[in-house]
Amino acid sequence: MKQVSLLTAVAATALLLYSCGSTPQQADTEKPATDNSMATTAPAAEAPAAASDDKGKGKFTSVTLTDPLDQAMITSGKSTYEVKCAACHKLSAEKLVGPGWKGVTERRKPEWIMNFITNTDEMIDKDPAAQAMLEECMVRMPNQHLTDDEARHLLEYMRDNDGKK
Amino acid sequence: MLGLAVATTAAMQSCKMKTAATAVQGDAATKTYVAPGKYDEIYNFVSGGFNGQVSVYGLPSGRLLKVIPVFAVNPENGYGYSEETKAMLNTTNGLIPWDDQHHLDLSQTNGEQDGRWLFANANNTPRVARIDLTTFKTMEVLQIPNSAGNHSSPFITENTEYVVAGTRFSVPLGSEDVPISSFKDNFHSTASFISVDKNTGKMDIAFQIVLPGMNLDLSHAGKGPSHDWFFFSSYNTEQAYTLLEVNASQKDKDYIVAVNWKKAEEYAKAGKGKKVPASYAHNTYDEHTQSATSEIKNEVLLLDPKDCPDMIYMIPCPKSPHGCDIDPSGEYIVGSGKLAALIPVFSFSKMTGAIAGKQFEGDFKGIPIIKYEAALHGEVQKPGLGPLHTEFDGKGNAYTSMFLSSEVVKWSLKDLKVLDRVPTYYSVGHLMIPGGDTKKPGGKYLVAYNKITKDRFLPTGPELAQSAQLYDISGDKMQLLLDFPTFGEPHYAQACQASLIKDKQVKFYDINKNGHEYVTMGEKKANVVRKGNRVDIYMTAIRSHLVPDNIEGVFVGDEVYFHVTNLEQDWDIPHGFAIKNNPNAELLIMPGETVTLKFTPDKQGIYPFYCTDFCSALHQEMSGYLRVSPKGSNVPLKFGTGETVTSVAAK
């Protein structure tokens, strides 16, 4: 009987906690924002149109493009590519683990690219285009923790790869 | 003593159910329930005893969070097996894959926990380790020469100036071949003071104090007014070397050894010590090269009390004292005579007064013995049977574990009156209050680490997990909240508020700062290099493939080194690495890290290797083949990933 009443107590506590949302003794150990990177995500949306005006989700709302391309940024972007990206992305259009990069700057807005690089998990969870790519590739793109500058340099490298001048 | 313990346990069992039922009150569940996704309040670091590791639990839930390999090899993550970590377990007798890990101490600043490092002792082959609390990794292991049975360790001074190591099994200094029966003449105990660099934590043996042959048992540093002192309990001052159970229990009193370490430090600086040859290993792990190195040191500084007056005094303490615990104010020294029916409490101010007034009653091998009454604050009368260890709640109360009578007894430091007692299940050894050995204890919880488990959990054959029990000590009466099983055999433990540690955790290693000699910076750099019969494989891992994943041109008898670099840069994405028939272990490689597994194939064949840590939906695909050909055969070195007969033909 003791066992049963103890169990009931736990269950009751659980209910109580659930309805209150939080418990006073936990106040100083609240978790930071939940990491959803491996949790179940919403169903993927329809496959996106080939070209999109979408800027994605993240801090980049407006990226100023260079004209002509910045050679120093390209060099820096290339070295980041080789360490952190090349394992999954080819420079051609051929898919390896992720899609090949040829043409990516035509398919996506610069803001979308930089948001996807720096805000990977939220993008995969919420952005319809990113979700569609997940259905295709079946591997979540890892967040490789690029700095904002590294992401921008990578974008320059992608533009160079797409033959922009 | 063992017989007594068994008898006590048997006696407890017959009436236990009633006691247990009344001991747990209705609200215990609410006090220990941590909802899914919520964090515990406290990190509890628990010594692993004979498993040589340190376990980390959350309190109040009792959930196991991690097992940190320290003195024992850990095939699960490659500690002690990988090329990078073998050196951590090196000693003057080569790699020793195991030890007996008893006590822990969290680093302190001004007598309060600072959440930087955790120190751990090894009993069997005397060593002290330092664990970094941003990575929960063992960073340093220092061997202690001129010692055996390193039990009264690794307790620290108030500002982590020193970690101590004290000899339980006296031995001859150096490596003299002497008869065991010459114990009194040739055997010594030593108290080693290991300095700790306040910025890096690096340890170094500053000096060793040579003491008469006896068994140093436990120790704690003074604090506040007693800051300059360290106190060690001792037993076997009878100097027995056989049947200690009887022969070391002859005298009414052994001693608390009071060491003025400030004075010892001055003597060491003033050149009063003697440098002697002594061989010991100092192993350090370098975060930049991600590799450990082992340095064999050749000299140690000995301080002889004869040359260093006013450095050491003996305080008589009844019946083979075990615990030696200092209250938060630094004034009271509690000795727990494990065979005594009382607990003596000494006063630091009375002790210094007695020294000034020369209230001595002779000497022990030249060390002055202070008169018992002259240093005594008072005795706790009839506390229970078999007092072992005492911790404090910062509210003027002390809590002592009673091994024989299986209980925790709460008593008042001021008037030494017993205030409350609560049963443990069964035969409690150490007990721990978070911060209970510091200036600022947390007065909310107490954990008892029990030596005997019997019927507390579902039975698992003859060998059972050890039981720990959590008590609420915030009120006048102690309240049992929770039982939880532990691994190995816990002895002392430490605990601190989670907030001290949780926000400074390293989540992954920055690949751009990876200074490993064999790092592969990107797949383009993946390579296989042969030098004689040594083959170095520069391999990368990222979800979900290894580069190279096809390797040929390796022969029977080659020494093959897989240097695997995890290219991931995100939290909680380790990759594993294992290869068939390798008589070694596997590797777990954290994001941004490079780790090396050695394989010396002794048979021809195709050897699959694969990622052992489920990493993605295509984890099952993360694998490859090593072809091992007969020695002397004509197979060219060839490696790659993604090349097939058709793809090569297409080029």
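The name that an unreviewed UniProt entry assigns to chain B is Nitrous-oxide reductase, with the source organism given as Chitinophaga eiseniae. Per UniProt, the comment on chain B under Subcellular location (unreviewed entry) is "Cell envelope".

If you check an unreviewed UniProt entry, chain A appears there as Cytochrome c from Chitinophaga eiseniae.

### Side note on the nonpolar core
Grouped together as the largest cluster of nonpolar side chains are 131 residues, with contacts concentrated most on B:Ile194, B:Val259, B:Ile315 and B:Leu446. Each residue touching B:Ile315, except ones within four places of it in the same chain, is listed here: B:Tyr255, B:Ile256, B:Ala258, B:Phe346, B:Met351, B:Ile370 and B:Ala375. Grouped together as the second largest cluster of nonpolar side chains are 64 residues, A:Ala87, A:Cys88, A:Ala151 and B:Met590 included.

### Considerations on the UniProt feature "domain: Cytochrome c" (unreviewed entry) in chain A
The UniProt record annotates "domain: Cytochrome c" (unreviewed entry) at residues 72-162 of chain A. Across residues 72-162 of chain A one finds 64% helix and 0% strand; the C-alpha atoms that close the span lie 17 Å apart.

### Section: the sheet that holds strand 31 (residues 445-450) of chain B
Residue and element names in this part refer to chain B. The sheet built from four strands is open, its strands ordered 30-31-32-33 with antiparallel pairing. Because the sheet does not close on itself, it has two edges, and the strands there are strand 30 (428-432) and strand 33 (479-486). Each adjacent strand pair in this sheet contributes to an overall mean axis angle of 25 degrees, direction not counted. Two elements, strand 32 (residues 466-472) and strand 33, share seven bridges in a ladder whose sense is antiparallel. If you follow Tyr471 over to strand 33, its bridge partner there is Leu480.

### As for unusual backbone geometry
Only a minority of non-glycine residues have a phi that is not negative, and only a minority of peptide bonds are not trans. Residue and element names in this part refer to chain B. Here Arg543 and Ser544 are connected by a cis peptide whose omega angle stands at 0 degrees. Even without a glycine there, the phi angle at Lys358 is positive, about 50 degrees. Tracing the chain through its elements places Lys358 in the loop between helix 6 (348-356) and strand 23 (360-364). In this structure Lys358 comes out as exposed when scored by C-beta crowding, with 10 C-beta atoms within 10 Å. Phi is positive for Lys382, close to 45 degrees, though the residue is something other than glycine. On the basis of neighbour count, Lys382 is assigned to the exposed category, with 11 C-beta atoms found within 10 Å.

### Some details on helix 2 (residues 71-85) of chain A
All names here are of chain A. In a regular helix each residue adds 1.5 Å, so 15 residues correspond to 21 Å; helix 2 covers 20 Å between its end C-alpha atoms and thus fits that length. For helix 2, the full list of buried residues reads Gly77, Thr80, Tyr81, Val83, Lys84 and Cys85. On its buried face, helix 2 sits against helix 7 (148-161).

The rules behind the values
Residues numbered from 1 in each chain as written. Chains lettered and ligands numbered in written order. Predicted model: local features only at pLDDT ≥ 70, side-chain atom pairs only at ≥ 80, totals over all residues. UniProt positions renumbered as here; feature names shortened; annotations may be inferred. Core = buried A, V, L, I, M, F, W, Y, C linked by C-beta atoms within 7 Å. Buried ≥ 20, exposed ≤ 12 C-beta atoms within 10 Å, placed from the backbone. Contact = placed C-beta atoms within 7 Å. Helix = DSSP H or I, 4+ residues; strand = E, 2+ residues; numbered from the N terminus. Pairing = 2+ DSSP bridges. Axes fitted to C-alpha atoms, helices over the stretch in contact; angles between N-to-C directions. Expected span 1.5 Å × (residues − 1).

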